[in-house]
Amino acid sequence: MISFNRKNIAVAVAAALAITVVGITSVRADDKAADKKTDEKKSATATASKPSLTVTTTKATQTEWPVKLSANGNIAPWQEAIIGAESNGLRLAEVRANVGDVVKRGQILANFAPDTVRAELAQQNASVAEAEAALAEAEANAARARTLQDSGAMSTQQINQYVTAAKTAQARLQSAKAVRESGQLRVSFTRVVAPDDGVISARSATVGAVVGTGQELFRLIRKNRLEWRAEVTATELAKVSPGQTVQVTTPTGAQVSGKVRVVAPTVDTVSRNAIVYVDLTNNAAAKSGMFAKGDFSVGATQALSVPQQAVVLRDGFSYVFKLEPGNKVSQVKVQTGRRFGERIEVVAGIKA
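Everything quoted here is computed from the prediction, not taken from an experiment.

Novice: Can you walk me through the overall build of the protein in this structure?
Specialist: When its secondary structure is counted, the protein shows 3 helices and 18 strands. For the protein, contacts bridging at least 24 residues in sequence account for 72% of all contacts bridging at least 6. Within the structure as shown, the protein displays about 23100 Å² of accessible surface, and the carbon and sulfur contribution to it stands at 53%.

Below, the structure is given as structure tokens:
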């Protein structure tokens, strides 16, 4: 008969509990392994059913593409008028125009102080009136002398003196009138007016300044017309002719349309480039002084093209994948050319 004391009973109970925990842990580990195998089978099934790559087929098409000639150049005014002072030594009293203002032909841009020239004009008017009075007297004397010519009361020499005096008075009157016209012009020169419609591109006029004849006050872009002066190489010059359409791209990315007005008759001896003058349409994005690039439309040719996504670049070469029988593809090396929209030209390697 086995006897147990309290100590032995405690050890037996602990051993039983340990066996129970080990048994539970083992069962749970087996369950996890089974779940893991099930998940792996599901994942493998999903992978097998999902395609590894989805592709789209397309055909190379033969279409007519425009031929472009690219060039760079500056945007400049078609004609820029320099507006200066026509009177000397006058003080600028008022400035009415500023840079960027759109003005009309004959519009007043600035005014000079007219006090001095108006005083001179008044003196010249007085001189004309004096000359007219002197002429009237001289002509009356000459007329009386002619009436006495047959009577012998006056000698021929005296009569000629009166006639000559009348002619001299007439000349002095004409001289006085010419001086008065000059004074009237000086009065009109106190107003600085726009010679044509356009926009003010520069202003150096300052109120209070005393300027000399010919000193620049304003600059005006006539008709607000701008042109693009493209530099074209001598070899490409023969492809450009007046009337061709041009698409100019500004530094901001804006597109401005234009038309070739004239091709320069000479080629620069240093750069070997010729200037092509292109009239631009009115567009706020084009500013004088911008350096822009543009494309000339010089014709159209047939082009074999594919979407740009169909061309793959590898090791510096271009390739397309050609669909073969049995839903297989082969890699074909091609030579690309122009780009137009979302398509690219294939020069060699495949056919339509």
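Now, onward.
Novice: Help me understand helix α2 (residues 115–147), please; the structure alone is not making it clear to me.
Specialist: Structurally, the α-helix is built with 3.6 residues per turn, so residues lying three or four positions apart point the same way. The end-to-end C-alpha distance of α2, which contains 33 residues, comes to 49 Å, matching closely the 48 Å that a straight helix rising 1.5 Å per residue would cover. Three or more residues of α2 are buried, namely V117, L121, Q124, V128, A131, L135, A138, A142 and A145.

Novice: In this structure, what is going on with the packing of aromatic side chains? I would like to understand it.
Specialist: Each aromatic ring pair is summarised here by two numbers: the centre-to-centre distance and the angle between the ring planes. Tallied over the full model, the rule gives 1 aromatic pair. Here the guanidinium or amino end of K333 rests over the ring plane of F317, the centre of that ring lying 3.7 Å away.

Novice: Explain the layout of surface pockets here, please?
Specialist: A water-sized probe, rolled over the atoms, reveals where empty space remains. In this structure, the largest pocket occupies an estimated 710 Å³ of space. Among the secondary structure elements, those contributing two or more residues to the lining of the largest pocket are β16 (317–324) and β17 (328–340). Of all the elements, β16 adds the most residues to the lining of the largest pocket, at 4 residues. For the lining of the largest pocket, the class distribution of residues is 13 nonpolar, 5 polar and 3 charged. As for the second largest pocket, its lining consists of 13 residues, and the residues nearest its centre are N224, L226, N283, A286 and K287. Looking at the lining of the second largest pocket, its residues break down into 7 nonpolar, 5 polar and 1 charged.

Novice: Even after reading the chapter, I still don't get helix α3 (residues 156–189), so can you show me in this structure?
Specialist: Compared with the 50 Å implied by 1.5 Å per residue over 34 residues, the 50 Å span of α3 between its first and last C-alpha is a close match. Buried positions along α3 lie against α2 and β6 (191–193).

Novice: Is there a simple way to explain unusual backbone geometry in this structure?
Specialist: Excluding glycine, residues mostly have negative phi values, and the peptide bonds linking residues are mostly trans. Its identity as a non-glycine residue notwithstanding, K223 has a phi of 60°, on the positive side. Phi at R272 is positive, roughly 60°, even though this residue is not glycine. Within the element layout of this structure, R272 appears in the loop between β12 (255–263) and β13 (273–280). Look at R272 and you get exposed, because its relative accessible area is 54%.

Novice: Just checking my understanding: could you explain the sheet that holds strand β2 (residues 80–84) for this structure?
Specialist: Within a sheet, each strand pairs with its neighbour through backbone hydrogen bonds, oriented either parallel or antiparallel. Ordered by their spatial adjacency, 4 strands build an open sheet running β2-β9-β7-β4, and the pairing between neighbours is antiparallel. Edge positions in the open sheet fall to β2 and β4 (102–103), since each of these has one partner strand only. In terms of strand pairing, strand β7 (residues 198–203) meets strand β9 (residues 216–222) through 5 bridges, oriented antiparallel. Paired with A202 across the strands is R219, a residue of β9.

Novice: Hey, could you run me through the side chain of Q124 in this one?
Specialist: With respect to the helices, strands and loops of the structure, Q124 is situated in helix α2. Not counting residues up to four positions away in its chain, the partners in contact with Q124 are V179, R180 and G183.

Novice: When you look at the environment of V312 in this model, what are you seeing that I'm missing?
Specialist: One can find V312 in strand β15 (residues 312–314). Distance from V312 to K333, taken between C-alpha atoms, is 9.5 Å for residues 21 residues apart in sequence. Not counting residues up to four positions away in its chain, the partners in contact with V312 are F317, S318, Y319 and F321.

Novice: So what exactly am I meant to see when it comes to the sheet that holds β6 here?
Specialist: Judged by pairing direction, the sheet is antiparallel, and its 4 strands sit side by side in the order β6-β5-β3-β8 without closing on themselves. Each edge of the open sheet is held by one strand with a lone partner, namely β6 and β8 (210–211). Where strand β3 (residues 90–95) meets β8, 2 bridges bridge the pair, whose relative direction is antiparallel. Paired with L90 across the bridge in β8 is V211.

Novice: I tried to follow the nonpolar core on my own but got confused; where do I start?
Specialist: A general trend in soluble globular proteins is that nonpolar side chains are found buried together. Membership of the largest hydrophobic core comes to 23 residues, with the highest contact counts inside it found for I75, W228, V276, V278 and F296. Elements supplying a minimum of two residues to this core: β1 (61–77), β10 (226–233), β11 (245–249), β12, β13 and β14 (291–307). Not counting chain neighbours up to four residues away, the residues in contact with V276 comprise W228, R229, A230, V232, L237, V240, V260, V262, V263 and F296. Ranked by size, the runner-up nonpolar core spans 21 residues in total, among them I83, A85, A194 and L217.

Conventions used here
Residues numbered from 1 in each chain as written. Predicted model: local features only at pLDDT ≥ 70, side-chain atom pairs only at ≥ 80, totals over all residues. Heavy atoms only, no water. Helix = DSSP H or I, 4+ residues; strand = E, 2+ residues; numbered from the N terminus. Contact = heavy atoms within 4.5 Å. Areas by Shrake-Rupley, 256 points an atom, 1.4 Å probe, with all protein chains shown as cover. Expected span 1.5 Å × (residues − 1). Buried < 20%, exposed > 50% of the residue type's maximum accessible area, 1.4 Å probe, protein only. Phe/Tyr/Trp six-rings, centres within 6.5 Å; stacked < 30°, edge-to-face > 60°. Lys NZ or Arg CZ within 6 Å of the ring centre and 35° of its normal. 1 Å grid on protein atoms, 1.4 Å probe; cavity = no way out; pocket = protein on both sides within 12 Å on 5 of 7 lines; lining within 4 Å. Points joined across faces, edges and corners; volume = space filled by probe spheres on them. Nonpolar A, V, L, I, M, F, W, Y, C, P; charged D, E, K, R; others polar. Pairing = 2+ DSSP bridges. Core = buried A, V, L, I, M, F, W, Y, C linked by side-chain atoms within 4.5 Å.

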